[in-house]
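The primary structure of each chain is shown beneath.
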Amino acid sequence: MANTIITIEIATLLHTAIKAEVPSGVSVYARGVKTDLEGAVDDATNKVDRKCPMVDIIPTERHPQQHNSVLRSYPVIIRVITHGPDDPFQIDLYTVAHSVGEWLCTAPALALTLAEFDSLFIDGPPEPGNAGDNDILQYMEWNLIIYTRKAA
């Protein structure tokens, strides 16, 4: 089935690009993209399994620039997550985050087919934090925006 949802196309392209950048053994997942436990694309999978260390890509629906505008922006969260007991000094967290940060600093372009890519914009550094029961997960999270124009 051809992809006709731009948020899924953005998630798929980000998944492919970031998977190529992170160290081996790091799983990359993207909301809207079926992946197996290892983070490989698998259209046959029907169960959501995740493992750390990981990168989670979370695209959100468009933000129209104004009424009837051809400009569209798509907010995306990219989160690097490790399991605290397995990474007590956060070495894996910083190693994976460095790989993701390096890619983000290259001014990446996405080869979109459902819209025309304008830019990927980040307005600040990643935010660190903890989540889960007893803050067992540790993360670094970037908030970015993919700017596009409607395809002609």
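Our structure's up above, just so we're on the same page.
What comes next concerns the included structure.

A word on the packing of aromatic side chains
In step 1: Per the stated rule, a full pass over the model turns up one aromatic pair.
In step 2: The interplanar angle of 55 degrees and the centroid separation of 6.4 Å between the aromatic rings of Phe121 and Tyr147 together place this pair among those described as tilted. Remark: Tyr147 occurs in strand E7 (residues 137-150) and Phe121 occurs in strand E5 (residues 115-122); sequence separation between them is 26 residues.
In step 3: Overall, Phe121 belongs to the partly exposed group, its relative accessible area being 37%.
In step 4: For Tyr147, a relative accessible area of 28% gives the class partly exposed.
In step 5: Lying over the aromatic face of Tyr139, Arg79 brings its terminal NZ or CZ to 5.6 Å of the ring centre.

A few points about the side chain of Thr148
In step 1: Residue position: Thr148 is located in strand E7.
In step 2: The residues touching Thr148, leaving out its near neighbours within four places in the chain, are Val70, Leu71, Arg72, Tyr74, Leu112, Ala115, Glu116 and Asp118.

Some thoughts on the environment of Ile146
In step 1: With respect to the helices, strands and loops of the structure, Ile146 is situated in strand E7.
In step 2: For Ile146, a relative accessible area of 0% puts it in the buried group.
In step 3: For Ile146 and Thr7, which are 139 residues apart along the polypeptide, the C-alpha to C-alpha distance reads 10 Å.
In step 4: When sequence neighbours within four positions are dropped, the list of residues in contact with Ile146 reads Ile10, Arg72, Ser73, Tyr74, Val76, Leu110, Phe117, Ser119 and Leu120.

Notes on helix H2 (residues 91-104)
In step 1: The terminal C-alpha atoms of H2 lie 20 Å apart, and with 14 residues this matches the ideal 20 Å at 1.5 Å per residue to within 8%.
In step 2: Buried residues of H2: Leu93, Val96, Ala97, Ser99, Val100, Gly101, Trp103 and Leu104, and no others.
In step 3: Those residues of H2 that are buried lie in contact with helix H1 (6-19), strand E2 (54-59), strand E4 (71-83), E5 and E7.

Parameters at a glance
Residues numbered from 1 in each chain as written. Predicted model: local features only at pLDDT ≥ 70, side-chain atom pairs only at ≥ 80, totals over all residues. Heavy atoms only, no water. Phe/Tyr/Trp six-rings, centres within 6.5 Å; stacked < 30°, edge-to-face > 60°. Helix = DSSP H or I, 4+ residues; strand = E, 2+ residues; numbered from the N terminus. Buried < 20%, exposed > 50% of the residue type's maximum accessible area, 1.4 Å probe, protein only. Lys NZ or Arg CZ within 6 Å of the ring centre and 35° of its normal. Contact = heavy atoms within 4.5 Å. Expected span 1.5 Å × (residues − 1).

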